[in-house]
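Coordinate analysis (summary)
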Amino acid sequence: MGKKRIIAETGAGQHGVATATVAALMGMSCTVYMGSLDVERQAPNVRRMKLLGAEVVPVDRGGRTLKDAINAAIKDWARSVRDTHYLVGSVVGAHPFPMIVRDFQSVVGVEARRQMKARFGRLPDFAVACVGGGSNAAGLFREFVRRGGTRLIGVEAGGRSSEPGQHSASLAYGTPGILQGSLTYLLQNDDCQVLPVHSVSAGLDYPAVGPEHGYYRDGKIVEYGLCDDAAALDACVRLTKTEGILPALESSHALGFVLANVKRFRGRHVLVNLSGRGDKDMNIIERELGL
Amino acid sequence: MKGHNGLYLMGNYPDPDTFIEAAVRGLDFFDFLEVGIPFSDPSADGPVITDAAEAVLARNTTFDDVLGSVRRIRERAPVGKTIYAMAYANTVFARGIGNFAEKASGAGIGGVIIPDVPFAESERFIKTFARHRMSFVRFISPETTMEQIRKIASGAEGFLYFVSMRGITGGRFDLDAATVKKIRAARKCSPVPVVLGFGIADIQSARRALDHADGFVIGTRIIEILKDGGVDAAGEFFCAIAGGVGRA
């Protein structure tokens, strides 16, 4: 492609770290846009990006989270498109970005399906993943949607409450709208302005959702549920104590949904996508739990 | 003034009265007005216009409020001068394109500029606007291929918006040889004036725009002047630009 520079946006910092890593490997210069609120709350990943040689640009607009980081990256790219590639981190943005990101992430679903068959000799009854922009879910679901046999559940961030501004559940509470090049479900007010959002996890804190999730929901191909901040934190602690695995707060939403609906899932094979590790969330977890 | 030129103002910025007054005075000199409809996520705008939108929205300004001001401008401005709305896609789409079009045309808006709707996605907007006698303004940028330019330019309505540089509003004006060639190709195919926008801030850049195109749009600089010096400073600026560019 002849590009010398990579830019990306990041919420939780996972995609920023991955982008910074690949840029370091390829000897390309790298700029990562990150909402200034996320820079504060995901500090360990910011340090990793810097260590890898990336420039991390804090974005002070709007709610200072993922959406605002994407806006800043789009504006950079409008100027720099000639020598810069925009490596979008979620299944959002203009076509063909949602498709590209879904297809690269789909390796997760292909492998998970194969491993379930090898390990249990059968497909899972359910596959569950958290949905902010929705890339880990789109990646997990892709192969299961293509080949069937498993009920799919996406879990959005219920935040503190169902009040506007207190959650980031665009499929649950949003209406059709256009943001950042996608026609999708959008959290917006009566005057078509994008609403502020909240989630305890930076990676889910986004007022829209990948457009394919809207399609999945409308076509009843995937079911979507909610997990609030408190239930996600609970699930995070429970997995840590019972399995010694510290999941990211994003992934903890998927787990929290399963634990909250345990009657429905008891005795069934449930695949939960632990899309990230929670080391980056230690300061949030400590603060929220008063440790 | 020479050319087919427009001024851009953010709707109801810095306040409704100053906005209306600046628009009316501007239309003494300019041929058309672009009214920015404030949006929470203006992905084509630089910091100056983004700040202006945020300031207007912080006062809970609505789309209807801005249309109310447009109505008052329409009453005072010459009939032949078109008022365009520059609105982001969600502003138009989410309330229903037909509903948007009815309200906008009812307030005297003659055309709509939507920076985040590419030509390939424009059909549903063009059709609905046509029913309300509003034009859908098409964009060309330095990244548009010659083949696309011919296709986009040949059906253009209102004016053809040539984004003069790679980037967002408020950047530095710069035309390379390839871009000049594309402007020429666009003018050849377009039934309406080809107007340069993005980065034009003074007499010098306005003159250079007119060397190659049918007109120019000034936006960011006007917003800065309105913020610092109010409507009188803006009036002086309009007069200076018109004088500097020369008579038609």
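Preceding this paragraph is the structure being described.
This write-up is about the structure you can find in this document. This is a predicted model, so every value here is computed, not measured.

**Considering the overall build of chain A**
When helices and strands are counted, chain A shows 13 helices and ten strands. At 18 Å, chain A has a C-alpha radius of gyration in line with the 19 Å of a compact globule built from 291 residues. With respect to the three principal axes, the spread of C-alpha positions in chain A is 55 × 40 × 40 Å. A total of 291 residues make up chain A; the buried ones form 56% of that total. Excluding contacts between residues fewer than 6 apart, the proportion of contacts in chain A whose partners are at least 24 apart in sequence is 71%.

**Let's talk about the overall build of chain B**
When helices and strands are tallied, chain B shows ten helices and nine strands. Expected size for 248 residues packed as a compact globule is a radius of gyration near 18 Å; at 17 Å, chain B falls within 12% of this value. A principal-axis box enclosing the C-alpha atoms of chain B has dimensions of 45 × 40 × 35 Å. Here chain B, with 248 residues, has 54% of them falling under the buried criterion. Long-range contacts, defined here as pairs at least 24 residues apart, represent 73% of the contacts in chain B between residues at least 6 apart.

**Things to note about the sheet that holds strand 10 (residues 270-272) of chain A**
Residue and element names in this part refer to chain A. One open sheet accounts for four strands, arranged 9-6-5-10; its pairing is parallel. Of all the strands in the sheet, the pair left with one neighbour each is strand 9 (223-228) and strand 10. Here the strands of the sheet are splayed against their neighbours by 30° on average, with no regard to which way each runs. Two elements, strand 6 (residues 151-159) and strand 9, share six bridges in a ladder whose sense is parallel. By the bridge assignment for strand 9, Ala 157 is matched with Cys 227. Here helix 7 (residues 135-147) sits on the sheet and contacts strand 5 (126-131) and strand 6; the angle it forms with strand 5, its principal contact strand, is near 155°. Across the sheet, helix 10 (residues 229-243) is in contact with strand 6 and strand 9; its angle to strand 9 comes to roughly 85°.

**Observations regarding the interface of chain B and chain A**
The interface is formed by 19 residues belonging to chain B together with 21 residues belonging to chain A. The biggest single contributor to the side of chain B that touches chain A is helix 4 (residues 89-93) of chain B, with four residues. Within the side of chain B that touches chain A, the residues separate by chemical class into seven nonpolar, seven polar and five charged.

**Examining the sheet that holds strand 4 (residues 84-86) of chain A**
All names here are of chain A. Across the sheet, four strands lie side by side as 3-2-1-4; this open sheet has parallel pairing. Looking at strand neighbours, the two that pair on one side only are strand 3 (55-59) and strand 4, the edges of this open sheet. Across the sheet, the axes of successive neighbouring strands diverge by a mean angle of 20°, strand direction being ignored. Note: strand 1 (residues 5-10) against strand 4, three bridges, orientation parallel. By the bridge assignment for strand 4, Ile 6 is matched with His 85. Sheet strands in contact with helix 1 (residues 14-26) are strand 1 and strand 2 (29-35), and its direction is about 170° off that of strand 2. In the packing of helix 4 (residues 66-80) onto the sheet, the strands contacted are strand 1, strand 2, strand 3 and strand 4, and the crossing angle to strand 1 comes to about 160°.

**Structural notes on the environment of Ala233(B)**
All names here are of chain B. Along the chain, the position of Ala 233 falls in helix 10 (residues 220-245). Look at Ala 233 and you get partly exposed, because 16 C-beta atoms sit within 10 Å. Distance from Ala 233 to Asp 174, taken between C-alpha atoms, is 26 Å for residues 59 residues apart in sequence.

**Considerations on the pairing of strand 2 (residues 32-36) of chain B**
Residues and elements named next belong to chain B. In terms of residue burial, strand 2 counts as a mostly covered element, since five of its five residues are buried. Residues Phe 32, Glu 34 and Gly 36 point to one face of strand 2 and Leu 33 and Val 35 to the other, with burial holding for every one of them. Across five bridges, strand 1 (residues 6-10) lies against strand 2 in parallel orientation. Following the sheet pairing, Tyr 8 is matched in strand 2 by Glu 34. The pairing of strand 2 with strand 3 (residues 82-86) spans five bridges and is parallel. Note on strand 3: the bridge partner recorded for Leu 33 is Ile 83.

**Let's talk about the nonpolar core**
Among the nonpolar cores identified, the biggest contains 168 residues, and Val128(A), Leu9(B), Tyr84(B), Val112(B) and Phe162(B) are the most heavily contacted of them. Ranked by residues supplied to this core, first place goes to helix 10 of chain B with ten residues. Residues in contact with Val128(A), not counting those within four places in the same chain, are Ile153(A), Val155(A), Ala254(A), Phe257(A), Val258(A), Val270(A), Leu271(A), Val272(A) and Asn273(A).

Conventions adopted
Position labels on residues start from 1 in each chain and follow its written sequence. Going through the entries in the order they are written, you letter the chains from A and number the ligands from 1. Totals for whole chains, interfaces and linings use all residues, but because this is a predicted model, local features are given only for residues with pLDDT of at least 70 and pairs of side-chain atoms are given and counted only at 80 or more. Secondary structure elements follow DSSP: runs of H or I no shorter than four residues count as helices, runs of E no shorter than two count as strands, and numbering proceeds from the N terminus. Between the two quantities, the radius of gyration covers C-alpha atoms and the globule rule is 2.2 Å times the number of residues to the power 0.38. With C-beta atoms placed from the backbone, the exposure class of a residue follows from how many other C-beta atoms lie within 10 Å of its own: 20 or more, buried; 12 or fewer, exposed; in between, partly exposed. Working definition of a contact: two residues with C-beta atoms, positioned from the backbone, lying within 7 Å. For two strands to count as paired, DSSP must find a minimum of two bridges between them. Structural elements are reduced to axes, namely lines fitted to C-alpha atoms, with helices fitted over the stretch in contact, and the angle between N-to-C directions of any two is expressed from 0 to 180 degrees. Residue polarity is assigned by list, with Asp, Glu, Lys and Arg as charged and Ala, Val, Leu, Ile, Met, Phe, Trp, Tyr, Cys and Pro as nonpolar; anything else, Gly included, falls into the polar class. By convention in this section, buried Ala, Val, Leu, Ile, Met, Phe, Trp, Tyr and Cys residues joined through C-beta atoms within 7 Å make up a nonpolar core.

So yeah, pure geometry; function would need other evidence.
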